[in-house]
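# Residue-level structure breakdown
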Amino acid sequence: MTTPDTAARRALVACAALIVGALTLTACGGDASADNKSDDKDGGTKNSTAEIVISAKDGSTGASINSTGVKVSDGKLTEVRMTESATGAAVPGAITADGKSWKPKEQLERGTKYQISATAKGENGKPAAANSIFTTVSTDNSFIGTYTPDGGTTVGVGMPVSFTFDKAISDKKAVQSHIEVTSSSGQKVVGHWFGTQRLDFRPEAYWKSGSKVTMKIDLDGVEGANGVYGVQDKTVTFTVGRSQVSTVDVNTQTMTVVRDGKTVKTIPISAGSPENSTYNGQMVISEKFTQTRMNGSTVGYGGEYDIADVPNAMRLTTSGTFIHGNYWYDKGNPPFGKQGTSHGCVGLADVQGAKGDTTAKWFFDNSLVGDVVTVKNSPDKTVAPDNGLNGWNMAWSAWTAGSAL
């Protein structure tokens, strides 16, 4: 899943690659286009002077970070130079083979002032020039969506596409209509809004194994709220792996792992205690950690526990439900397969260090982000659809009712 440390990269606002070096522009404060009409009077065919158009107009303050570029008609570009105004650092780019256009190699930064200088030679052999000084859309006046899963990954059949926006969206229809999620399986995919900052997509039933899912994100320039515009323009594809759905039965304290319709393993577990029961329902693995710290004070349990190295841990809810290894159990009276002893997690027998030949390590190694763990017969309520990636707990009619389209 996309984390805060990597949100900017996954939300496609990566800093442009910069090459340090001062560059000399043509005349300062010039126009973003040059329309130098020919005064040739020979009536020949080669009587046109190049016309250069820079997408970001001179003096503009809300330029796109994606579509900035230079085009020319009636001629060919000979040189384009782009720099970041504050530092003078060059922004790499390339003129196309036909000489008709130029664009930066990397996405631009938000809220940054840039300069472009371009020259071309017209069909009549005469030179033309244009320049522009502009500022890209600011952070305050733009929004991004952190999304999961990442492009190029292989995920389980339960993995939804989930966007979390960094600002409240008031025009949900405009935003949702510019995010298209399709599957090679042909399954119908529908979006559902959880509040004003989260939009998830899923089909009615789990994704079909082996299918390719494509997210086309076309939010650049889309007004999501008053004066707040999207900046993302990206197509992302991920693969759905084999089907694995594991069912935890709290009555028997066991978990049955079913892969591609066949039971591959039955594992003794220890679910939540009667005082701290485990949620019922379908829960999707959203993160995997070989080892992680679990501190009860972060999820409302005060100082009841603080374990620095919980092994083979996989997150099931935002509120802190995991399925994980347990090495601190009473070796004289193991609870696995007999009773629930956790604070709501699903525990499996393990050893400290996460490297033993244990059921917990086997399950960790054989699980994907996006696999489903279903809990039944717990005295607790069904997990909320927005507590983690768990929208499967919502009826299809309710899911589609939450679409803005």
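The structure displayed is predicted, hence computed values, not measured ones.

## Focus: the pattern of salt bridges
- Applying the stated criterion to the full structure yields 7 salt bridges.
- One salt bridge connects Glu79 with Arg81, and the closest N-O pair in it is separated by 2.7 Å.
- Relative accessible area serves as the criterion here: at 36%, Glu79 is assigned to the partly exposed category.
- Judged by relative accessible area, Arg81 falls into the partly exposed class, the value being 30%.
- One salt bridge in this structure joins Lys167 and Asp166, with 4.0 Å as the shortest N-O distance.

## Concerning the nonpolar core
- Counting 33 residues, the largest nonpolar core has Phe163, Phe165, Ile179 and Val181 as the members making the most contacts within it.
- Those elements giving two or more residues to this core turn out to be β12 (161–165), α2 (172–176), β13 (179–183), β14 (189–194), β15 (198–203), β16 (212–218) and β19 (233–240).
- Grouped together as the second largest cluster of nonpolar side chains are 24 residues, Ala56, Ile65, Ala130 and Ile144 included.

## A look at the environment of Thr196
- For Thr196, the location among the structural elements is in the loop between β14 and β15.
- Residues within four places of Thr196 in sequence aside, it is in contact with Lys167, Ala168, Ile169 and Lys172.

## Points about the pairing of strand β2 (residues 51–54)
- Going residue by residue along β2, you find Ile52 and Ile54 tucked away on one face and Glu51 and Val53 left uncovered on the opposite face.
- Judged from the 4 bridges that link them, β2 and strand β3 (residues 70–73) form a sheet pairing that is antiparallel. Along β3, the bridge assignment pairs Val53 with Lys71.

## Digging into the sheet that holds strand β22 (residues 262–268)
- Strand order in the open sheet made by the 5 strands is β22-β21-β20-β28-β23, with mixed pairing throughout. Sheet topology places β22 and β23 (281–284) at the edges, where each strand pairs with a single neighbour. Averaged over all pairs of adjacent strands, the angle between their axes in this sheet comes to 20°, without regard to strand direction.
- Sheet topology places strand β20 (residues 244–249) next to strand β28 (residues 372–376); 5 bridges connect them, and they run parallel. Its bridge partner being in β28, Thr247 is matched across the sheet by Thr374.

## Concerning the environment of Asp171
- Counting through the fold element by element, Asp171 comes out in the loop between β12 and α2.
- Separated by 52 residues in sequence, Asp171 and Glu223 place their C-alpha atoms 7.4 Å apart.
- A polar contact is formed between the side chain of Asp171 and the backbone nitrogen of Ala174, at a distance of 3.1 Å.

## Points about the side chain of Gln253
- As for its position among the elements, Gln253 is in the loop between β20 and β21 (254–259).
- Within polar-contact distance, the side chain of Gln253 engages the backbone nitrogen of Ala271 at 2.8 Å.
- Look past the residues within four positions of Gln253 in its chain and what remains in contact with it is Ile267, Pro268, Ile269, Ser270, Ala271, Gly337, Lys338, Gln339 and Gly340.

## Quick notes on the sheet that holds strand β26 (residues 322–326)
- Ordered in space as β24-β25-β26-β27, the 4 strands form an open sheet in which the pairing is mixed. Two strands close off the open sheet at either side, each with one partner strand: β24 (287–295) and β27 (346–349). Sheet twist, expressed as the mean angle between neighbouring strand axes with direction ignored, is 40°.
- In the sheet, β26 pairs with β27 via 4 bridges, with the strands oriented parallel. From the neighbouring strand, Gly325 faces β27, where its bridge partner is Leu348.

## Regarding the side chain of His192
- In this structure, His192 sits in strand β14.
- Among the polar contacts listed, one links the side chain of His192 to the backbone oxygen of Trp399, at a separation of 2.8 Å.
- Apart from the residues within four sequence positions on either side, His192 is in contact with Arg198, Leu199, Asp200, Met394, Ala398, Trp399, Gly402 and Ser403.

## Some words on unusual backbone geometry
- Between Thr148 and the following residue, Pro149, the backbone shows a cis peptide bond with an omega angle of 5°.
- With respect to the element layout, Pro149 can be found in the loop between β10 (145–148) and β11 (154–155).
- For Gln253, which is not glycine, the phi torsion reads 55° and is therefore positive.
- Assessed through its relative accessible area of 5%, Gln253 is described here as buried.

## Focus on the environment of Ser73
- Structurally, Ser73 can be placed in strand β3.
- In this structure Ser73 comes out as partly exposed when scored by relative accessible area, which is 32%.
- For the pair Ser73 and Gly99, spaced 26 residues apart in the sequence, the C-alpha separation amounts to 9.8 Å.
- Leaving out residues up to four positions away in the same chain, Ser73 has contacts with Thr49, Ala50 and Glu51.

## Quick look at the confidence of the model for the chain
- For the chain, the mean per-residue pLDDT works out to 89, and 86% of the residues sit at or above 70.
- This stretch, residues 1–31, has a pLDDT under 50; its non-local contacts, to residues over four places away or in other chains, come to 81 contacts.
- Scored below 50 in pLDDT, residues 33–45 makes 25 contacts in the model with residues more than four places away or belonging to other chains.

Rules used in this analysis
- Residues numbered from 1 in each chain as written.
- Predicted model: local features only at pLDDT ≥ 70, side-chain atom pairs only at ≥ 80, totals over all residues.
- Heavy atoms only, no water.
- Salt bridge = Lys/Arg side-chain N within 4 Å of Asp/Glu carboxyl O.
- Buried < 20%, exposed > 50% of the residue type's maximum accessible area, 1.4 Å probe, protein only.
- Core = buried A, V, L, I, M, F, W, Y, C linked by side-chain atoms within 4.5 Å.
- Helix = DSSP H or I, 4+ residues; strand = E, 2+ residues; numbered from the N terminus.
- Contact = heavy atoms within 4.5 Å.
- Pairing = 2+ DSSP bridges.
- Axes fitted to C-alpha atoms, helices over the stretch in contact; angles between N-to-C directions.
- Polar contact = N/O pair within 3.5 Å; in protein donor to acceptor, adjacent residues only side chain to side chain.
- pLDDT = per-residue confidence, 0-100.

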